[in-house]
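Below are the chains, spelled out letter by letter.
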Amino acid sequence: MGYWICNNWYPAIYGDDLPVRGAAARMVCGEAIVLWRGDAGEIWALEDFCPHRYAPLSRGDVVKGNRIRCGYHGLEFDGSGQCVHNPHGRGKIPSSAAPRAYPTLEYGGLIWLWMGNGDPDRSLLPDLSFFLPTSPFQQGGRGWLHMDVPYELVVDNLMDLSHASLLHDGILGNEQSIRAESEAGESESEVFARRWMPNIDPPEYLDLIWMNDGKKIDMWHDITWRPGASLLLDVGATEPGSTKEAGSGVYAQHLVTPVTDTSCMYFFMSARRNSPNHAPEERERIEARLLALRRQAFAEQDAPMIRAQYEAILRKGEYKPSILPGIDKATVLWRRKIERLIRDEDLAEANQATMRSE
């Protein structure tokens, strides 16, 4: 098993990216999965193999509304994984012809998979209310990337808010923000990190979401992690000496789905709140620039750095990082919490296996 918990929901694909009359292949938590949409809009997900000769079902077709047909020999499977049609001979269906089915749901524009053996628990889904069409906040776009690094390195990067001062210098931070007031902690279900940076010159992103006038600001970067790999980032700016509530900010939801031990899918979406009342043409220009800066910060700065970090880990053959007081606390806390959750899940699975064998 990889370094993740299974009894949780993971996003596999944006709903708009799933073909209306076709299938999509995804690898989630080390398992190959085929997804398709039925005639009534329902989502089905099976282990992506035909038990006959192990051909990927994703190379087949969606037929008769809700079935997927193997493109190799034509066996058809319903959404429960049951083989319902064998076109050969007398049509006898072996009892072993049943790939695993995965619970699914569509929420927040994403299709989610429950990867564990336990009962699906909707309460474990992240709160995406900021990013729904009914939200009062201005939506700022969404996207995803495939990354050839372990998912935990992406989570480490997001939980380490201090790197914004250097890696994203001029965009999300600057020299004045390095010595921010930092705080980190945890509750039963989450780990958080917060940085407050008073009376500093505004990096471009924060200047744009505030008054766009280049004047000094108080700035904050807050992030909250919840298992499996849901991270809500809250960044914003306000007038020096004022409060967060009086300022303007952006919520950025980050969702990191393990693909294998060494790769992951990274989904992201954003929404603005308390946006200053700029003229329409100015607002349009600002939003376009904010989107470009978000993409630059992660795709051109974070992603190459994390990949270079992972290559260094591979060369060393180990990962035993030095811990810096203060700024690394949240990274240590989330790693400890996920390790405990994995141990608890493994123990529960072992106990259930023992009970089944008795």
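Small disclaimer: the values here were computed from a predicted structure and weren't measured. (Residues numbered from 1 in each chain as written. Predicted model: local features only at pLDDT ≥ 70, side-chain atom pairs only at ≥ 80, totals over all residues. Heavy atoms only, no water.)

## Points about the pattern of salt bridges
Part 1 of the reasoning: One pass over the structure, following the stated rule, counts 18 salt bridges.
Part 2 of the reasoning: In this structure, Asp39 engages Arg21 in a salt bridge whose closest nitrogen and oxygen atoms are separated by 2.8 Å. With a gap of 18 residues between them, Asp39 in the loop between strand E3 (31–37) and strand E4 (43–47) and Arg21 in the loop between strand E1 (9–14) and strand E2 (23–28) connect regions that are remote in the sequence.
Part 3 of the reasoning: For Arg21, a relative accessible area of 48% translates into the label partly exposed.
Part 4 of the reasoning: A salt bridge links Arg37 to Glu106; the nearest nitrogen and oxygen atoms lie 3.1 Å apart. Of this pair, Arg37 sits in strand E3 while Glu106 sits in strand E9 (residues 104–107), placing them 69 residues apart in sequence.
Part 5 of the reasoning: The class of Arg37 is buried, set by a relative accessible area of 15%.
Part 6 of the reasoning: Judged by its relative accessible area of 42%, Glu106 falls in the partly exposed class.
Part 7 of the reasoning: In the salt-bridge network here, residues are joined through shared partners; they are Asp222, Asp234, Lys244 and Arg273. (Salt bridge = Lys/Arg side-chain N within 4 Å of Asp/Glu carboxyl O. Helix = DSSP H or I, 4+ residues; strand = E, 2+ residues; numbered from the N terminus. Buried < 20%, exposed > 50% of the residue type's maximum accessible area, 1.4 Å probe, protein only.)

## What about the packing of helix H1 (residues 151–159) against helix H3 (residues 280–316)?
Part 1 of the reasoning: Viewed as axis vectors pointing N to C, H1 and H3 meet at an angle of 125°, and their least axial separation amounts to 10 Å. Judged by the inter-axis angle, H1 sits oblique to H3. Note that H1 runs across H3; the crossing there is right-handed. Packed against H1, whose contacting residues are Leu153, Val154 and Asn157, the element H3 presents Phe298, Asp302, Ile306, Gln309, Tyr310 and Ile313 at the interface.
Part 2 of the reasoning: When the residues that make up the contact of H1 with H3 are grouped by side-chain class, the tally is six nonpolar, two polar and one charged. (Axes fitted to C-alpha atoms, helices over the stretch in contact; angles between N-to-C directions. Parallel < 35°, antiparallel > 145°, perpendicular 65-115°, else oblique. Left-handed = near helix turned anticlockwise from the far one by under 90°. Contact = heavy atoms within 4.5 Å. Nonpolar A, V, L, I, M, F, W, Y, C, P; charged D, E, K, R; others polar.)

## Describing the environment of Gly214
Part 1 of the reasoning: Tracing the backbone shows Gly214 in the loop between helix H2 (204–209) and strand E14 (217–226).
Part 2 of the reasoning: What makes Gly214 partly exposed here is its relative accessible area of 44%.
Part 3 of the reasoning: On a C-alpha basis, the gap between Gly214 and Pro325 in space is 32 Å, while along the polypeptide they are 111 residues apart.
Part 4 of the reasoning: Leaving out residues up to four positions away in the same chain, Gly214 has contacts with Pro202 and Asp207.

## Looking at unusual backbone geometry
Part 1 of the reasoning: For the bond from Pro227 to Gly228, the omega torsion is 0°, close enough to zero to count as cis.
Part 2 of the reasoning: By the secondary structure assignment, Gly228 is in the loop between E14 and strand E15 (230–238).
Part 3 of the reasoning: Of note in this structure, Tyr54 is not a glycine but carries a positive phi near 70°.
Part 4 of the reasoning: Looking at where Tyr54 falls in the secondary structure, it is placed in the loop between E4 and strand E5 (61–63).
Part 5 of the reasoning: A relative accessible area of 61% means that Tyr54 is categorised as exposed.
Part 6 of the reasoning: The backbone of Asn212 shows a phi angle near 55°, a positive value even though the residue is not glycine.
Part 7 of the reasoning: Residue placement: Asn212 occurs in the loop between H2 and E14.

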